Amino acid sequence: MSRLFLLVFLVSLFNKCSAFYVPGVAPVEFKKGENVEIRGVKLTSSKTQLPYEYFSLPFCKPEGIDLHYKPENLGEVLRGDRIVNTPYQVEMATDKSCTVLCKITLDEKASKLLAQRIKEDYNVHLLSDNLPIATRIPEDELGIKFSYVHGYKLGFTLLKENAEGKKEPVMYINNHLRLNMKYHKVDEYGDDYRVVGFEAVAQSRKYKADGLEIVDDKTCSVDKAKPLVFQEVVAGESQEIYYTFEVNWEPSDVRWASRWDTYLAMSDVQIHWFSIINSLVVVFFLAGILTMIIIRTLRRDIARYNKDEDMEDTMEETGWKLVHGDVFRPPKHKKLLSSMVGAGMQVFFMALITIVTAMFGMLSPSSRGSLLTASLFLFVFMGVFAGYFAGRLYKTIKGTTWKRAAFLVRYSILFFLS
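First, a word on what this report is: a plain description of the structure on this page. Please read all numbers here as calculations on a predicted model, not as lab measurements.

Scanning the chain from terminus to terminus reveals 11 helices and 19 strands. Across the 418 residues in the chain, those meeting the buried criterion constitute 34%. Within the chain, counting contacts between residues at least 6 apart in sequence, those at least 24 apart form 71% of the total.

This part is about the state of the cysteines. Scanning the model with the defined rule gives two disulfides in all. Paired through a disulfide, Cys60 and Cys102 show a sulfur-sulfur distance of 1.7 Å. Its torsion about the S-S bond being -80°, the disulfide of Cys60 and Cys102 is classed as left-handed. With Cys60 in the loop between strand E3 (52-53) and helix H2 (74-79) and Cys102 in strand E6 (residues 96-106), this pair connects stretches of sequence that are 42 residues apart. Take Cys60 and Cys102: they sit in the same class, and that class is buried. Here Cys98 connects covalently by a disulfide to Cys220, the sulfurs 1.6 Å from one another.

Let us look at empty space enclosed by the protein. Under the counting rule described, the total for this entry stands at one cavity of 30 Å³ or more. Computed from the structure, the largest cavity encloses a volume of approximately 120 Å³. Looking at the largest cavity, it is lined by 14 residues, and the ones nearest its centre are Phe59, Tyr88, Tyr152, Asn174 and Tyr243. Secondary structure elements with two or more residues in the lining of the largest cavity: strand E14 (176-185) and strand E19 (239-251). Partitioning the lining of the largest cavity into residue classes produces 10 nonpolar, four polar and no charged.

Turning to the side chain of Ser338, a few remarks are in order. Here Ser338 shows up in helix H7 (residues 334-359). The class for Ser338 is buried, based on a relative accessible area of 0%. Within polar-contact distance, the side chain of Ser338 engages the backbone oxygen of Lys335 at 3.0 Å.

Take the pattern of salt bridges next. For the structure on display, the rule yields 13 salt bridges. Linking Arg194 and Glu29 is a salt bridge whose minimum nitrogen-to-oxygen distance equals 2.5 Å. Pair noted here: Arg194 is in strand E15 (residues 193-203) and Glu29 is in the loop between helix H1 (2-13) and strand E1 (35-36), with a separation of 165 residues, a long-range link. Exposure remark for Glu29: the relative accessible area of 34% places this residue in the partly exposed category. The closest approach of N and O atoms between Glu76 and Lys70, which form a salt bridge, is 3.5 Å. If you follow the salt bridges from partner to partner, you end up with Lys42, Arg79 and Asp81 in one network.

On to helix H9 (residues 383-396), then. Under the 1.5 Å per step criterion, the end-to-end length of H9 is 20 Å for 14 residues, consistent within 8% with the ideal 20 Å. Residues of H9 that are buried: Ala386, Gly387, Ala390, Gly391 and Tyr394. Around the axis of H9, the buried residues are gathered within 120° of arc, so they sit on the same side. Away from the buried face of H9 by more than 90 degrees, exposed residues Val384, Arg392, Lys395 and Thr396 are located.

Here we have three strands laid out as an open sheet, ordered E12-E13-E18, and antiparallel in their pairing. Bordering the open sheet on either side are strand E12 (155-161) and strand E18 (232-233), each of which pairs with just one other strand. Bridge count between E12 and strand E13 (residues 167-173): seven bridges; the pairing is antiparallel. Looking at the pairing, Phe156 lines up with Tyr172 of E13. Of the strands in this sheet, E12, E13 and E18 touch helix H3 (residues 108-119), which is tilted by about 105° from E13.

The rules behind the values
- Residues numbered from 1 in each chain as written.
- Predicted model: local features only at pLDDT ≥ 70, side-chain atom pairs only at ≥ 80, totals over all residues.
- Heavy atoms only, no water.
- Helix = DSSP H or I, 4+ residues; strand = E, 2+ residues; numbered from the N terminus.
- Buried < 20%, exposed > 50% of the residue type's maximum accessible area, 1.4 Å probe, protein only.
- Contact = heavy atoms within 4.5 Å.
- Disulfide = S-S within 2.5 Å.
- 1 Å grid on protein atoms, 1.4 Å probe; cavity = no way out; pocket = protein on both sides within 12 Å on 5 of 7 lines; lining within 4 Å.
- Points joined across faces, edges and corners; volume = space filled by probe spheres on them.
- Nonpolar A, V, L, I, M, F, W, Y, C, P; charged D, E, K, R; others polar.
- Polar contact = N/O pair within 3.5 Å; in protein donor to acceptor, adjacent residues only side chain to side chain.
- Salt bridge = Lys/Arg side-chain N within 4 Å of Asp/Glu carboxyl O.
- Expected span 1.5 Å × (residues − 1).
- Arc of directions from axis to C-beta.
- Pairing = 2+ DSSP bridges.
- Axes fitted to C-alpha atoms, helices over the stretch in contact; angles between N-to-C directions.

Here is the structure:
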């Protein structure tokens, strides 16, 4: 009876409980007209594989406000993310026409750097309510089928004839950004909105040209009847560039929990598919050649053993049967073998637990850098199992200094990963 009262008392202590959401994973509700912050993340390219900070290029900075960088976890740091505030003013469910963000005067060094980044095909990445910006790319002429890519192009390159009649590449910057935002109402009759889409349409506009006007350095107008003039970036020359943007909101039936489906279906442009396919073809080709050689050798030896013409030759062991005595013979380099096996077990268990955890949805893509952070933590923690398997194998093959073999795993893992 006393145990029952003790159990009831313990349960009564937990009659009140509270739950919390992980930051960045919980939904955020906005009222109509409330500010939706746009943050800069980084610049990436599939050609150089080297990310840069958002403000490493001459972009518009917030006026009268210091730059505030978001505290980041280990995964975000290794990914190159440097999340910072930007001067974009976006209000929930409120469209905004063409607005001047700022005017930048490029010196020779800045124009050269900007032209170099455009030539290297860099993409700009932004965030809104922890949702990364994406660009829609049509896959057919009618525009019915389309796909998405991460970020938007910093600029583009076109071939233009010079004074000598030769074609040379000319860099143009996408200085106008149309933000196509999508929202979903929490309640049909309520006033709470959630961001479920963040798309960009980047354009290059040379303002103060024919059909492109700037009014009081605040708003901009475009004459659609006239052809669009692109903003050229001349490396090594001083020039002025106007950055502008506009915002279009539209309702969406996509719920907050499904807003990441578009991004999960994207194909990562940084994956070098040609290199992967080339490596797979080489591996299968070499495996096929090795298999053919082994099959021919075994077939020839088996045919020789099945002959009943000469029993003395049959009793004598030849060919591949000579290796049967070496199966249980300890290898020469015991420590190297055991340490490599331990390193393989470390990587295997790390990958297995990470994949299983991700399958259960515990590593959400909205929690930026969590996958890489979990992988690194598990990799370090699985070093305990690597040492165990290395020492156990070393003792099995009659090794004496098993502690030294387990300690050798820390060096063999570097060779394994390289």
